[in-house]
Every structure is written in C-alpha cells, then in structure tokens.
Amino acid sequence: MAGVEGRVAVVTGAGGGLGRQHALLLAERGAKVVVNDLGGARDGTGASSAAADKVAKEITDAGGEATASYDNVATHGGGAAIVRAAIDVFGKIDIVVNNAGILRDVTFAKMTDEQWDAVLKVHLYGTYSVTSAAWPHLREQAYGRVIVTTSTSGLYGNFGQSNYGTAKLGVVGLINTLALEGSRYNITANAIAPVAATRMTEDVLPPETLAALDPAFASPAVVYLASEECTATAEVILAGGGRYARVRLMQAKGAHFDEVPTVEDLAARWSQIMDLEGAEPGHNPVR
C-alpha cells in the first residue's frame, strides 16, 4: 500500500507518549514529519525544545526525515508557525495529527475560569489553530488527512474532567463538519480515541491497567487514517491495548406525535423515546 510514503505530516504534542509513537511510525512508513512539542509540563506550564528535538533526532538517526517545532498550538500564531515549518522545510503539508494536550483536572464545583480556558485553548483551540492554518494548503492540492484526538472522557464523561471532556467532544463536532466541507477536495477528517499509558493517564488509571496500554497500540490506527488508501471520514476510532472499535452517535426510532404533546403525553411514552432497539446512526435533519 502507498500509505503515507512521501507525505508530509505535522504531529502536535509529539515530544512524548502518543505523539512520539505517531511521529515515529509515520516516519518509519516513509512520511516526512514535523515534530511539534512546546515541551511544557502536563498542566501546560513551562517550555523546552528538548522533547521535540529528541524525537526528531530519533527519526533522523533511523534514516527518516523530520524537523522539530516548539510552537504553542494554543495560539493562532503558533498554529500558523507549525504549518509554516512543514512548508518551509518539506515544501508542502498533507497530514495533520492534532495530539497536543494538557490536563487541569478538578471537579466542576471547583473549576476556575483559568483551568477551563487553559484546557480548551490547547485541545480545542489548538486543534483549530493548526488545522485552519493547514486547510488552505490541503484544499489547494486537493488532498489531505486531518486526524484529531478525542477521548472517552469526552465521549462518555469522566469525574473531574469537565473542561477536558468538553474540549474532546468539541473536536468530534469539528471533524463532522470538516468531513463534509473537505469531501470535494479529497480531504478526510477523523478522530482517534486512544486509551494509553502516558503522563496524561499515569495517575488516572490503575497500574495493572496501564501495564497493558502501550501507547504504540494507537499509532497504527492513526497512520492508517492518514494513508492514501483510507477514505473513511467523520469516524471516531477507539484504540487501546490492542482493541480497535468504531464509535458512533446513534438515534433511536423514538416516538412521533401529530400534535404538540402535553408533558403527560411525553411521560407516558418516555420508554419508547428512550428505547435504542433498532437505533440507527444519527443524522442532521437540516441536510
């Protein structure tokens, strides 16, 4: 398969964990990689060039092609600079893997504006800033692969992660629209929901669970979604510990009323409204 051979990929948050594995596998399969990482702590504070430099060197030492980027995805200027690095060094951009992330876990009752904003700026706005900078190039060349990183915390919720979960479901909404707008330009947009042992999850999951969740398990799914052969779009793929599964929003058959129902009418048929037997993938009735 042609896969990603000769393609240029940007991977954000590639200085460690999942992003590092994605970057290494993309390079191993013949892609030229922009290894982006701000080099900050798990909560987003601080910065260092060491993490991105180390992964870029791993790639070049193995015979691949890579360049390091230390720009902050949370700003429009940072997103533009990351994409510009791909254009300046490799002449184009084909693949965007939005992986950068931070955590500011706290219960909603104790959430501060700063904790809320910091997480959304990296995960949601960061995905926007990099993808929006790449989008005109992808459209112009009539080819592109956009991959965002969602999470089971966004898909299903997780205690103490209202900021993170909101951002992670937000990027799914983004790819649903990008898939529609990109279809005529041969651009796909998909999401990966990784479950992996990284510094983001080291104190969230028990040690025995972490031991089975090598981050490398998620990367083949990312590289396949980034490949020429994969034409899937607007999909969410769960990947963790060797298990890969499609995730879909489903819509029940529900109940229909010819006239505006009373609250009591609705209550009387509530079990029918909630019954998922025979449910089908959801769709936008406006389209």
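Predicted model, so just to flag it, every value in this text is computed and none were measured.

Cut-offs applied
- Residues numbered from 1 in each chain as written.
- Predicted model: local features only at pLDDT ≥ 70, side-chain atom pairs only at ≥ 80, totals over all residues.
- Heavy atoms only, no water.
- Helix = DSSP H or I, 4+ residues; strand = E, 2+ residues; numbered from the N terminus.
- Axes fitted to C-alpha atoms, helices over the stretch in contact; angles between N-to-C directions.
- Parallel < 35°, antiparallel > 145°, perpendicular 65-115°, else oblique.
- Left-handed = near helix turned anticlockwise from the far one by under 90°.
- Contact = heavy atoms within 4.5 Å.
- Nonpolar A, V, L, I, M, F, W, Y, C, P; charged D, E, K, R; others polar.
- Core = buried A, V, L, I, M, F, W, Y, C linked by side-chain atoms within 4.5 Å.
- Buried < 20%, exposed > 50% of the residue type's maximum accessible area, 1.4 Å probe, protein only.
- Expected span 1.5 Å × (residues − 1).

A short note on the environment of V172
So, step 1. Here V172 shows up in helix α6 (residues 162-182).
So, step 2. Measuring from C-alpha to C-alpha, the distance between V172 and A2 comes to 27 Å, with 170 residues separating the pair along the chain.

Description of the packing of helix α4 (residues 113-141) against α6
In a packed pair of helices, the relevant descriptors are the angle between the two axes and the axis-to-axis distance.
So, step 1. Their axes nearest at 8 Å, the elements α4 and α6 cross at an angle of 20 degrees. Between α4 and α6, the angle is such that the two are roughly parallel. The handedness of the crossing between α4 and α6 is right-handed. In contact with Q115, W116, V119, L120, H123, L124, T127, T131 and W135 of α4, α6 contributes S162, N163, Y164, T166, A167, K168, G170, V171, L174, L178, E181 and G182.
So, step 2. Of the residues that constitute the contact of α4 with α6, the class distribution is 10 nonpolar, 9 polar and 2 charged.

Re the nonpolar core
So, step 1. Formed by 36 residues in total, the largest nonpolar core has its most connected members in V10, V34, I93, V130 and V146.
So, step 2. Among the elements that make up this core, the one with the highest residue count is α4 (8 residues).
So, step 3. Sequence-distant contacts of V146, defined by excluding residues within four places in its chain, comprise V96, N98, T131, W135, L138, L178, I187, T188, A189 and N190.
So, step 4. V4, V35, I95 and V97 belong to the second largest nonpolar core, which has 30 residues in total.

A look at helix α3 (residues 76-90)
So, step 1. In this model, α3 (15 residues) spans 21 Å end to end at C-alpha, consistent with the 21 Å of a helix rising 1.5 Å per residue.
So, step 2. Within the span of α3, buried status applies to G78, G79, A81, I82, V83, A85, A86 and F90.
So, step 3. Buried residues along α3 sit against β1 (8-11), β2 (32-36), β3 (65-69) and α4.
So, step 4. Positive backbone phi, at 85 degrees, marks G91, one or two positions downstream of α3.

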